[in-house]
Each structure stands twice: as structure tokens, then as C-alpha cells.
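# Per-entry structural report
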Amino acid sequence: MSGTFKRNSNKKDEQLQKFRSNDRDKKMTTNQGLPVSEDEFSLKAGERGPTLMEDFHFREKMTHFDHERIPERVVHARGYAAHGEFELYESMKDYTKAKFLQKPGSKTPVFVRFSTVVGSRGSGELARDVRGFATKFYTEEGNYDLVGNNIPVFFIQDAIKFPDLIHAVKPEPHNEIPQAATAHDTFWDFVANNQESAHMIMWAMSDRAIPRSFRMMEGFGVNTFRFINEEGKAFFVKFHWKPLLGVHSVVWDEAQKLNGKNPDFHRQDLYESIEKGDYPEFELGVQIINEEDEFMFDFDILDPTKIWPEEDVPVKIIGKMTLNRNVDNVFAETEQVAFHPGNVVPGIDFTNDPLLQGRLFSYTDTQLIRLGGPNFHELPINRPVCPFHNNQRDGYGRQTINVGQVSYHNNSLAKNTPSPASEEDGGYVHYQEKVDGRKIRARSDSFKDHFSQAVLFWNSMSNAEKEHIKNAFSFELGMCKEKTVRQQVVDMFANVSLELAQAVAKNVGVVPPETGGSSMTKASPALSQENTVKKPDTRKIAVLISEGFDQRAGEIIGELKKKGTQPVIISEEQGLVDEENGMAIEADHTFLTADSVLFDAVYVVGGAKMSEKFQQDASYFVKEAYSHYKPIGATHQGKHLLDMNKLTGNAGVVTGDDAGNFVEKFVEAVAEHRFWERKIL
Ligand code: HDD
């Protein structure tokens, strides 16, 4: 095995190093190690004759190729991952004995896979969908997996309904249409007839479901877990990831176009950010409820369709995760990684959340078919960084060579080892919750309020966010062929807001409900993206530049870089674009290879020799960015282009020639991200 350690190495990287292989500068061999003399021509009986069976090289190469694919994940098939580390800010020892949460400053290697849920492995990444946010912590006590989403609640309350939910949301079985979309009859039929989904649907119709970047999403463990401290005291806990760049989204028209212009938009953004050293950072937060306060809330804290509002149960920030290393090989790492919410360490335990209970079965089960047998824990990406010993043996693809005669417990021949560890020695002991009940297939009454938190979510949205939700419902239901389905959904969401239901009813041609809504006025400001962190950092700015541009534009571009934004030069042709005094700047893209949807903002420079074609292409570009509410800046000849298109003077449109003043104002606008108050022409 060869290769070099990667930068930002850690204990997991050291372990992976043993498995890396670099074929560069090597002689080709078969998998048996036999040097190969010819790789162009199969062995034939005569130059124009049939291929011979004895061509072992051909057979081996072809057989391996024929078996390259494995089943994709039944959900979360399209995903992208990175390595990193988690650093603890403050000790959690009052709440949990988990070793990786004890010592401030301690670092734990992590591997994170982001995903969409519905689409297949090759689908576009800008689907309106929940995003998976799964983290594997390689701790000294074994792997701890926090398998979360970017939305804090779920569609259903009991895992037995998961296959129904997924059957309804996946492409319809009779024609396998549509791909990676919820905008079809079976999904909305499921929603209307399983009203526990109401709260989750509000989130899924909000901007949260079309994130700008994996780097700009929150993550949530969703289910309620338990912390247990050294004294054996237990707490209920919910986990949160908070992105340091804030939570940001694209608009729906943009998302749809992005899926065509660059279906890899999110993975490319993640990959390139890490390569550049703009490491994505997320703080880990916990909400903690004392055991004795379990019944203090007006919802059941074990119900996965409910949040614990941050204003009622504050999120305590306890550490930070930095993603600082891309994978070497997407199949070996990203595709073969196997997460499981049941992978816990001492100090973290489960609750009776009925969704979590079912998840504990499903994840191992699905890996067995996906990864082809019970030895997937031996794959390099899945191995814990601590040793593991037990009496499990054999099975497909077994790599470990277990030596010795004994593979059972109890035994005397190996002095009864491997032996279970006592709790004091780190052995995992399940929390001894007292459980007492009749066997019953039923749902607790405390799980039956499906609408209060959907109303809370709606109340917490800004006006712009509310408009987006109305539009999202109108799009989704508008794509449903069955009027009865549209009507049922509109009637259902009248329970959340009459304004919402009536607006959507009008758009999708069904009878507007006359009664409904809620008198509840409570809102949770933490739910609105309007209140998120706003920074210019890593924002991509399209710089539209043409022959004869003003030399001061070069300085402005330099200043924009200093402020942490990423200008990308776009012109009519790739290569050098001349400025007025004979200097030149290199164009990274043309209007053919770039599009406004790929950028966060536009800076129009223009030039003294702007051709008509440039003006046309630049006008289209800038008008599209404007219609997506993006910041637009212009200096020098670029200002004429904005005048021509009647954009000057509108919200988020910054013009000027004084470099310092312009850069400051424009960067402020870039940090603002979108200008919803803008009138769209
Ligand atoms: Fe799940 C994958 C997150 C409910 C069954 N789930 C999967 C992944 C994420 C989640 C992020 C992708 C992991 C990766 O990148 O490899 N799932 C969630 C969350 C849920 C949830 C946050 C609600 C709290 N899931 C859920 C239920 C079931 C499953 C109720 C079944 C009872 N999930 C699976 C699975 C998957 C999976 C079928 C497919 C691929 C895999 O496990 O490894 O087992």
C-alpha cells in the first residue's frame, strides 16, 4: 500500500492510510499480482478470430467491471461527504459520561455525509427535499453516529409507516415519474391522509428545502436521545448543528435551473470550499430537559414531529466541527460508509420515541443488502479507530484473520476472553428505564396534536418566507393531476392558516376553505432564516467584464477578494480581456459556461468596447440575477448596462465609481444575500 498522508491528518486518516493505494508509476498487474503484457487487445484465435476463454486478463477485467455497482441507498442515495474533526468547547460531564464530550479542547475525527432523500444516485442536487446530515464520530470508545437531517422534525411518528411514506414520495411505480420530486399525486395523497405530516410539510415547503449550500444548513438529530452522566443521572437531549455561515437558501426558480446548469452544484461547492481551505464549520448544540420535566410541555417530548422551541429550551453550544479534508475515493468512502443511529457510546442512550425505535432496526438491515453481508464494519471508512474484539466470525468478504481456537463465550480455553467489560471499565450498560405496559398497537394521545407546531412555524416566518411557502404549495399541488388530492391538502392546511389555504386553493383551482386557521399567536424567531447569521464570506460574485474596461475595476476585484468574497471573471471569450491602458485580466468563464444561477451576486464592469452581443448576454445575466433578488453592483461602463435595463436605484443595486465606498456598500449587499422587497420587473 502506498500514498501520502493528507493534510489535516488525524487518527482516522492514519488508519485509512494503510488502505490507500496509488497506481501511478506502477506496472500493471492482474488482481493476482501477475504482470500484464497487453491491455488493448483480447486474446484471439487469429487477428480476425473469436476471443479465447483462456484470456484470464480479459475475464478478470470484465468480471470486475460487471460487478462494480452496488444497490443505491433506498433513501438518501445521492450524497456527498467529507472528513474533519470535532473540537469540544466545554465539558459535558454534568450531563453525559461520553468520553469525547469530557475534555474541553479535545478533538475527535469525524466523517459527514450530506444527502437528498428522494432522488436516485444520479439525480439533481437542488430538488425540493429534506437534506440528510449524517456524522460519524470516530471516538476512543467506538463509533458514535449522529444521523440527522436539516429539518428538525419528521413526516411520521412511528417507524412502521416509513415504507409507506417512502413508497408515496418516490417516483410513482407505474411510470417511474417524477424523479427526485415531491410534486406528484401519491406524495400529497399520503400527506392528506396522514396528517401527522403537517408540521414537517411546512418545513419542506419552506426555503429550508432548497439550501444554498451544504455549508449553510442546520443539522438536527430529530429524535430525542438520552444523556447519562457518571452518577447514572439521565437527561433528555436533542442535537443541533449550527453553520457558522448562517442558514441560507436559493429561490425555487433558481433551484430548478441549477438542476440543469449544474446538477452537482452542492457537491462541487463542498469539494471546492474544502480544496480552497474555506473549511465548512458547524457548532454542535444540545437542548437538554431534565428527566423530571418530561411532562412539563404542551407537546410530548418523544414525538418526532415536534421541536423543542429554542426560546423555551435554549440550545447550549458545546463544540465545533470543521470539515477539512475531501475523500480520496467517493465509492470507497462516501458510498460505502454505513451510518446507524444505534451506534452509540457510553453516556448516550435511546428514548422510547417510536420513530427512533424503528430506526434502530432498519439501518443495519439495509446495509446488509447494500454492502452485501455482515462484514461492512471492516470497510476502512466504517472501522472504529479503537480495537474491536468479539466472537463474530466469517461471512462474505471477511477480512480479519481471527487467530486462535475459540470463538464462543463462555469458554475456559481462552480464559473466558474476549470478556465483557464492567460499566466502570467502559462497558455499555443500557439505561435502566422502568417500562411497564400492555402490548398494544396504538398511538399515545399525547401525540395527536398535529397542527399547533405547524402554526408555530407559520407564525414565525417573515412575509417573504410566507410567500415562498404559498408558492411552493401551489407548485407542488399544481403538479398533482387529481383535483381531489389538491382539495384534500388545501383543506388540511386550512388548519394551519386560512390565508395560506385560500391563496393556494386559488392558484390550484380548488374550492377555498371558508373556515380554519388558528388563534395561536406564538412564534419562534429562531425558525426564521431572516434572523440568521449574514456574512459575505465565500459568496461567489460574477464579474461581467468586457474589452476596454476601466483599470480601477481591477483594484475593486482585489478589494472584493480581501473581504472574503470570490469574484469570478466572465466575458465574451475565455482568455485575456484588455483594460483601457493595455493591462489585461484573465476570463474564467464565458456567458456559455457560466450562468447567473451559479452565483450569489453580480458585479458589472462592462468596458469601453462592449459589443452588442456582450450587452445582450450581460443584460440577460443581470436581469435573471435581479429576478432572483440577488445583490447587483456596477461601476464605470457597467452602470450604463444597469440603466439600460432599468435596474439602477432598486433595492440591493449598488452603483458608484469611488472604489472604497462602492466596495463597502456592495459587500454589505452581498452579505444581505437577497432583497425580497424588490419589485420584479
Ligand atoms: Fe433514515 C438513511 C436520516 C428516519 C431508514 N436516514 C438515512 C440517512 C440519513 C437519515 C441522513 C443517510 C445516511 C447516509 O448518508 O448514509 N432518517 C434520518 C432521520 C430520520 C430518519 C433524521 C428521522 C428522525 N430512516 C428513518 C426511519 C427509517 C429510516 C423512520 C426506517 C424505519 N434511513 C433509513 C435506512 C437508510 C436511511 C433505510 C437508507 C440508507 C441507509 O439507511 O444507510 O435504513
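Residues numbered from 1 in each chain as written. Predicted model: local features only at pLDDT ≥ 70, side-chain atom pairs only at ≥ 80, totals over all residues. Heavy atoms only, no water.

With that settled, consider the overall build of the chain. Broken down by element type, the chain carries 17 helices and 18 strands. By the compact-globule yardstick of 26 Å for 681 residues, the chain fits well, its C-alpha radius of gyration being 28 Å. When the backbone C-alpha atoms are referred to their principal axes, the chain occupies close to 90 × 80 × 55 Å. Across the chain, contacts joining residues at least 24 apart in sequence account for 73% of those joining residues at least 6 apart. Working note: accessible area of the chain is about 32,100 Å², and carbon and sulfur atoms make up 51% of it. Where the 80 positive side-chain charges of the chain centre and where its 100 negative ones centre are 2 Å apart. (Helix = DSSP H or I, 4+ residues; strand = E, 2+ residues; numbered from the N terminus. Rg over C-alpha atoms; globule rule 2.2 N^0.38 Å. Contact = heavy atoms within 4.5 Å. Areas by Shrake-Rupley, 256 points an atom, 1.4 Å probe, with all protein chains shown as cover. Lys, Arg positive; Asp, Glu negative; His and termini not counted. Charge placed at Lys NZ, Arg CZ, Asp CG, Glu CD.)

A word on the coordination of the iron atom of the ligand. Within the protein, a single donor atom binds the iron atom of the ligand, namely Y363 (OH) at 1.9 Å. Tracing the sequence through the fold places Y363 in helix α9 (residues 354-370). (Donors = N, O, S within 2.8 Å, 3.2 Å for Na, K, Ca; no water.)

Let us look at the pairing of strand β3 (residues 131-139). Counting buried positions along β3 yields nine of nine residues, so the element is predominantly enclosed. Two strands pair when backbone bridges link them, and strand β2 (residues 107-116) and β3 are joined in this way by seven bridges, in the antiparallel orientation. Looking at β3, one finds that V110 is bridged to F137. Pairing of β3 with strand β4 (residues 142-149) involves eight bridges; the strand directions are antiparallel. (Buried < 20%, exposed > 50% of the residue type's maximum accessible area, 1.4 Å probe, protein only. Pairing = 2+ DSSP bridges.)

Before going further, it helps to spend a moment on the UniProt feature "binding site: heme" (unreviewed entry) in the chain. UniProt marks R73, R113, F162, R359, Y363 and R370 with the feature "binding site: heme" (unreviewed entry), using the numbering shown here. Residues from the annotated list that form part of the lining of the largest pocket: Y363. Mapped onto the elements of the fold, R359 is located in helix α9. On the basis of relative accessibility, which here comes to 14%, the residue R359 falls in the buried class. Setting aside residues up to four positions removed in sequence, R359 forms contacts with V147, A159, G221, N223, H340 and P341. A polar contact is formed between the side chain of R359 and the side chain of N223, at a distance of 2.7 Å. (UniProt positions renumbered as here; feature names shortened; annotations may be inferred. 1 Å grid on protein atoms, 1.4 Å probe; cavity = no way out; pocket = protein on both sides within 12 Å on 5 of 7 lines; lining within 4 Å. Polar contact = N/O pair within 3.5 Å; in protein donor to acceptor, adjacent residues only side chain to side chain.)

Let's shift gears to the site of the ligand. The environment of the ligand is made up of 23 residues, and the closest members are R73, R113, R359, Y363 and Q367. A distance of 2.6 Å separates an oxygen atom of the ligand from a polar side-chain atom of R113. The contact in question runs from a nitrogen atom of the ligand to an N or O atom on the side chain of R359, over 3.3 Å. Within the residue set of the shell around the ligand, elements represented by two or more residues are β3, β4 and α9. Classifying every residue of the shell around the ligand gives 11 nonpolar, nine polar and three charged. (Near = heavy atom within 4 Å. Nonpolar A, V, L, I, M, F, W, Y, C, P; charged D, E, K, R; others polar.)

Now for the packing of aromatic side chains. The final tally for this structure, using the stated rule, is 33 aromatic pairs. Seen from their ring centres, Y603 and F666 are 6.2 Å apart, and the 50 degrees between their planes marks the pair as tilted. Residue Y603 is located in strand β16 (residues 601-606), and its partner F666 is located in helix α17 (residues 659-672); the two are separated by 63 residues in the primary sequence. In this pair, the class of Y603 matches that of F666, namely buried. Each residue in the set F86, F100, F114, F133, F137, Y144, F214, F225, F227, F239, W241 and F282 is aromatic and connected to the rest through ring pairs, giving one cluster. Lying across the ring of W252, R128 places its NZ or CZ 5.1 Å from the centre. In this structure, K136 packs its charged tip against the face of F339, placed 5.2 Å from the ring centre. (Phe/Tyr/Trp six-rings, centres within 6.5 Å; stacked < 30°, edge-to-face > 60°. Lys NZ or Arg CZ within 6 Å of the ring centre and 35° of its normal.)

Time to look at the environment of K238. Looking at the secondary structure, you find K238 in strand β7 (residues 234-243). Here K238 falls in the buried class, since its relative accessible area comes to 5%. Between the C-alpha atoms of K238 and G221, which are 17 residues apart in sequence, the distance is 6.3 Å. Contact partners of K238, with chain neighbours within four places excluded, come to V222, N223, T224, G285, V286, Q287, K306 and W308. There is a polar contact of 2.6 Å between the side chain of K238 and the backbone oxygen of V222.

Quick look at empty space enclosed by the protein now. With the rule as written, the count across this model stands at seven cavities of 30 Å³ or more. Lining the largest cavity are 15 residues, and of these H248, Q529, H673, R674 and W676 lie nearest its centre. Reported here for the second largest cavity is a volume of approximately 140 Å³. Taken together, 16 residues form the lining of the second largest cavity, with P152, F220, H240, Q287 and I307 sitting closest to its centre. Considering only residue class, the lining of the second largest cavity consists of nine nonpolar, four polar and three charged. (Points joined across faces, edges and corners; volume = space filled by probe spheres on them.)

Moving on, we come to the domain arrangement of the chain. For the chain, the assigned domains read domain 1 (79-159 + 207-382), domain 2 (452-525) and domain 3 (536-672). Between the C-alpha centres of domain 2 and domain 3 there is a distance of 39 Å. (Domains from an automatic or database assignment.)

Listed under "active site" (unreviewed entry) in the UniProt record, and renumbered for this structure, are H76 and N149. A maximum C-alpha distance of 10.4 Å places the annotated residues, which cover 74 residues in sequence, within one compact spot. Here H76 lies in the loop between α2 (56-66) and β1 (79-88). Residues in contact with H76, not counting those within four places in the same chain, are R113, S115, T116, V117, G132 and N149. Structurally, the position occupied by N149 is in strand β4. For N149, a relative accessible area of 8% gives the class buried.

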